[in-house]
Amino acid sequence: MAADRAIIFRGEDAADGGEPLPPVVLKGPDGSAVHILTAPDPAAAAALAAEYADRGVTGIELCGATGFPWLAEVEAAVRGRARVGTVLFGFESLLDVARYKERAIAGEVQRALFLYVQPGADPAVDRFVRTVGPNTSTYVAVPEPGAGAAVVAGFVSGFDGGPDLIELYGGWDGDAVAAVIGAVDERVPVGVAVSSPATGPR
């Protein structure tokens, strides 16, 4: 049976009193589903995580705009029923991700690219674009981590200057992450979701 996963993104619109973004379900050819969710704060993320753990998702990942206080609350809510992780950035990305955060706080236009692993996916077709305010987020499924660098290279060459941020979800090995970093020549911050050893089975 294919495993379902959830990715929780920080939804500032909801935190500011706006309508929360609706969940999106991205179905894969293998029958698996990736649930794209948003939460304005750690408590809301924990409630979502508990709900989706009850639904049977095997993995829950938090975006790079959350952090360890979010991770702690989600882990406590899930209680080992799913593997929990959060996006971390390597040393080569720290300056650029700090600049990205500064631009986000200033309300400047941002373009993010999120790759997630979904067996059997076709990156040319299995994608979803969401625009919130000045920001555009593109979600692209890749069949396995080794396909990520080619997808990123295509965006860099054809995406009006390329993305300002890249995050990788769904289990990426070091070689695949390094290839993505190489595809952008370390000019774009690249984060990868890393599972906490304290949480449930993969």
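All of the points below concern the structure found in this document. (Residues numbered from 1 in each chain as written. Predicted model: local features only at pLDDT ≥ 70, side-chain atom pairs only at ≥ 80, totals over all residues. Heavy atoms only, no water.)

**Some thoughts on the packing of aromatic side chains**
- As enumerated under the stated definition, the model contains six aromatic pairs in all.
- Ring plane angle 50° and centroid distance 4.8 Å describe the contact between Phe9 and Phe114, whose orientation is recorded as tilted. You can see Phe9 sitting in strand S1 (residues 5–10) and its partner Phe114 sitting in strand S6 (residues 111–117), a full 105 residues away along the chain. As far as burial versus exposure is concerned, Phe9 and Phe114 are alike and both buried.
- Taking 6.3 Å as the distance between ring centres and 65° as the angle between the ring planes, the aromatic pair formed by Phe114 and Tyr169 counts as edge-to-face. A residue pair is termed long-range when its members are at least 10 positions apart, and Phe114 in strand S6 and Tyr169 in strand S9 (residues 165–169) qualify at 55 residues. The same class applies to Phe114 as to Tyr169, namely buried.
- Every member of this aromatic cluster is reached through a ring pair, and the members are Phe9, Phe114, Phe128, Tyr139 and Tyr169. (Phe/Tyr/Trp six-rings, centres within 6.5 Å; stacked < 30°, edge-to-face > 60°. Helix = DSSP H or I, 4+ residues; strand = E, 2+ residues; numbered from the N terminus. Buried < 20%, exposed > 50% of the residue type's maximum accessible area, 1.4 Å probe, protein only.)

**Examining helix H4 (residues 94–105)**
- For H4, built from twelve residues, the straight-helix expectation of 16 Å at 1.5 Å per residue is met to within 8% by its first-to-last C-alpha distance of 17 Å.
- Of the residues one or two after H4, Gly107 is the one with positive phi, at around 80°. (Expected span 1.5 Å × (residues − 1).)

**Topic: the nonpolar core**
- With 20 residues, the main nonpolar core has Leu115, Ile166, Leu168 and Trp172 as its most contacted residues.
- Those elements that place two or more of their residues in this core are S6, strand S8 (135–142), helix H5 (148–158), S9, helix H6 (174–183) and strand S10 (190–195).
- In terms of residue count, H6 provides more of this core than any other element does, four residues in total.
- Other than its neighbours up to four places away in sequence, Trp172 contacts Leu115, Val117, Val142, Pro145, Gly148, Val177, Val180 and Val192.
- Core analysis: the second largest hydrophobic core is formed by 19 residues, Val24, Leu26, Ala112 and Ala141 among them. (Core = buried A, V, L, I, M, F, W, Y, C linked by side-chain atoms within 4.5 Å. Contact = heavy atoms within 4.5 Å.)

**Here we look at helix H2 (residues 42–55)**
- Counted at 1.5 Å a residue, the expected span for H2 with its 14 residues is 20 Å, and the 20 Å between its end C-alpha atoms agrees.
- By the burial criterion, the buried members of H2 are Pro42, Ala45, Ala46, Leu48, Ala49, Ala50, Tyr52 and Ala53.
- Where H2 is buried, its residues touch S1, strand S3 (33–39), strand S4 (59–62) and helix H3 (68–78).
- The N-terminus of H2 is capped by Asp41, whose side-chain oxygen sits 3.3 Å from the backbone nitrogen of Ala43.
- Looking one or two places after H2, you find Gly56, whose phi comes out positive at around 105°. (Polar contact = N/O pair within 3.5 Å; in protein donor to acceptor, adjacent residues only side chain to side chain.)

Just distances and angles here, no functional claims.
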